[in-house]
Amino acid sequence: MASGRGATRVRGRLARLYAALEIPGDLVLDLARVSVLGAAQALVENHRGLLEYRPEAVAIAVSGGTVRIEGEELEIGVVTPEEVTVVGRLRRIEFERG
Amino acid sequence: MAEKVGRWLSGWVRVEARGARLAELVSAVARAGHPVFAARAAPDAWTFSAPRGALPAIEAEALRLGLSVRVVGRGGLPELARRLARHPSLLAFGLGLALLLWLASSFVWIVAVEGASEVPAPAILAAARDLGLAPGAFRPSLDRDRVARLLPVLIPRLSWATVSLRGTRAVIRVAEEAEPPPELLPASRPADLVARRDGLVTDVLALAGQPAVRPGDIVAKGQVLVRGRVEAVPRGYDPADPRAPRMTMDVRARGEVRARVWYHRYVEVPARARAATPAQGRGFTRYRLDVFGRSLILWGRREPPFPFVVSERAWPSPTSPVALVREDVRAEAPPAREVSPDEALAAARRTAVAEVAGGLGRGARVVRATAELVVRTADVYGVAVLVETEEDIAETREFAPSASR
């Protein structure tokens, strides 16, 4: 547990350092990038797999947690090793620390 | 878009999966390098699509995760080919359709003219048709360079032409010969206006220089009409007084001298001609496929509603067992008949007027034309035509400022 907390602390410091140097975090910290196109499409890059999929909700594992997308008539557009595209009527996107 | 085309080319399968760990299945398949797309969740099952080659990986992962999967659909080019292979007639139809499309795109369907303002576009299109460029021309056998090279020869008022092909549309772009604008002449040198032709002066307008002729004068070619060397008397002297001091000044004469001009033409008219018929000039092109002695009209009317003659061109050759034949169907010429002297005079008048009018400059007009029969043989009428025009006959002729005149 302590080692996990230590790793989180190190990551937090690195994140502040990269932010100060204006280096994109998704490149060096393995962070997910979520892009939203209106309320119709969400693109999650750098994911770690699909956790849940229902027409009302999609959960996608990413580094440091889960991206949860809620809405109506949700469909998975494409799943590749790099990205997941979710289309439908999007209502809410939230990040759950895991 | 490219991804969708790639998926269609490589083929895809639609899979229905049932079980508890469906998300893991999709993630595992994606991790294995196979994109999963168009996934839809239902209460008890998921359906999703994946490349055709991903099916073994899907089945293996489903087995590992304890899921049941079944293929509920297939699509893409491999599937289409498989279906066509099961129906030879459908395959033949598809191939025939593709062949037809290819054939249709191998011909020129539209010919357009750009850049012509003085020369009528129909005249350019007619000349291009004579050179082989017309709707229906087979693109591979079209010699564009030859058409572009010979168009200015057939129509001398064109200085150059180019032919470009955009799909099934051919565009003839032309440039017309322009008369050199007067302002391009060196305006600083003094000059007279002289007569370009013999004529009877009807109007003189001198914008610069001194008129040397008046309306009613008969002038010969080369005669000075407006002088560029102007004589003047100093202020306070009477110009009519011969003792008044004279001074000369050289200018570049400008103006317009209109005159009646007569052109003599001799025109020969054939004594026999073919009567115009409603079908004259009508025609169309049709395409035929010859297969082992049997013919199939691919495009074009079967029977024209007029007597006709046909000229054919075949690819690859007329003797091939399978050949595409282009037929140019034209109305048959009516029988020849005798031309009356009045008709010959009228035809000669039209020919002469058209010839003279073609060489006239801007603002000129044909006033009248009279024709007289001078020769009559069994084959031809010889007609002398006098065409009277009214036109500006002035042209600039420079002279040296220091020359004694």
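Our structure's up above, just so we're on the same page.
Residues numbered from 1 in each chain as written. Chains lettered and ligands numbered in written order. Predicted model: local features only at pLDDT ≥ 70, side-chain atom pairs only at ≥ 80, totals over all residues. Heavy atoms only, no water.

**Overview of the overall build of chain B**
How we decide: For the purposes of this entry, the term helix denotes a DSSP run of H or I that reaches at least four residues, the term strand denotes a run of E that reaches at least two, and both are numbered from the N terminus. Using a 1.4 Å probe on the protein chains alone, a residue whose accessible area is under 20% of its type maximum counts as buried, one over 50% counts as exposed, and one in between counts as partly exposed. Whether two residues are in contact is decided by their heavy atoms, any of which lying within 4.5 Å being enough. Each accessible area value is a Shrake-Rupley result obtained with a 1.4 Å probe; residue values ignore everything except the protein chains displayed when judging cover.
Counting its regular elements, chain B contains 8 helices and 24 strands. Out of the 405 residues in chain B, the part that is buried amounts to 34%. When contacts within chain B are restricted to residue pairs at least 6 apart in sequence, long-range pairs at least 24 apart make up 64% of them. Put simply, chain B shows about 24100 Å² of open surface, and 56% of that area lies on carbon and sulfur atoms.

**Some thoughts on unusual backbone geometry**
A cis amide bond links B:Trp315 to the next residue, B:Pro316, at an omega of -5 degrees. Along the polypeptide, B:Pro316 turns up in the loop between β19 (308-315) and β20 (322-331). The backbone of A:Asn46 shows a phi angle near 65 degrees, a positive value even though the residue is not glycine. With respect to the helices, strands and loops of the structure, A:Asn46 is situated in the loop between β2 (41-45) and β3 (47-54). Overall, the relative accessible area of 28% leaves A:Asn46 in the partly exposed class. Although it is not a glycine, A:Glu73 adopts a positive phi angle of roughly 50 degrees. With respect to the secondary-structure elements, A:Glu73 resides in strand β5 (residues 65-79).

**As for the sheet that holds β19(B)**
All names here are of chain B. Rules: Paired strands are those between which DSSP finds at least two bridges. Axis definition: a line fitted to C-alpha atoms, over the contacting stretch in the case of helices. Angles run 0 to 180 degrees between N-to-C directions.
With antiparallel pairing, the 4 strands of this open sheet are ordered in space as β18-β17-β20-β19. Each edge of the open sheet carries a strand with a single partner, namely β18 (294-299) and β19. Each strand axis lies, on average, 30 degrees off the axis of its neighbour in the sheet, ignoring direction. Looking at chain direction, strand β17 (residues 283-291) and β20 are connected through 9 bridges and run antiparallel. Residue Leu 289 lies in a different strand from β20, and its bridge partner there is Leu 324.

**Here's the deal with the interface of chain A and chain B**
Selection criterion: Accessible-area loss on putting two parts together, using a 1.4 Å probe and summing over both, is the definition of buried area adopted here. Every case where a carboxyl oxygen of Asp or Glu lies within 4 Å of a side-chain nitrogen of Lys or Arg is listed as a salt bridge. We call two N or O atoms a polar contact when they sit within 3.5 Å, provided that within protein one can donate a hydrogen and the other can accept it, with sequence-adjacent residues counted only if both atoms are side-chain atoms. Polarity classes work like this: nonpolar for Ala, Val, Leu, Ile, Met, Phe, Trp, Tyr, Cys and Pro, charged for Asp, Glu, Lys and Arg, and polar for all others, with Gly in that last group.
Contact with chain A, which involves 15 residues of that partner, is made by 17 residues of chain B. Both sides together, the interface formed by chain A and chain B hides about 1100 Å², and carbon and sulfur atoms give 60% of it. Looking only at chain A, the three residues that lose the most surface to chain B are A:Leu50, A:Tyr53 and A:Val79, adding up to 44% of its buried area. The salt bridge partner of B:Arg40 is A:Glu75, with a shortest N-O separation of 2.8 Å. Run the count over chain A and chain B and you get 8 residue pairs in polar contact (both at pLDDT 80 or more). If you list the elements that add at least two residues to the side of chain A that touches chain B, you get β3 and β5 of chain A. Per-element tally for the side of chain A that touches chain B: the top contributor is β3(A), with 7 residues. Of the residues assigned to the side of chain A that touches chain B, the class counts are 8 nonpolar, 3 polar and 4 charged. By the bridge criterion, 3 bridges tie β5(A) to strand β2 (residues 36-41) of chain B in an arrangement that is antiparallel. Counted as the bridge partner of A:Ile76 is B:Ala39 from β2(B).

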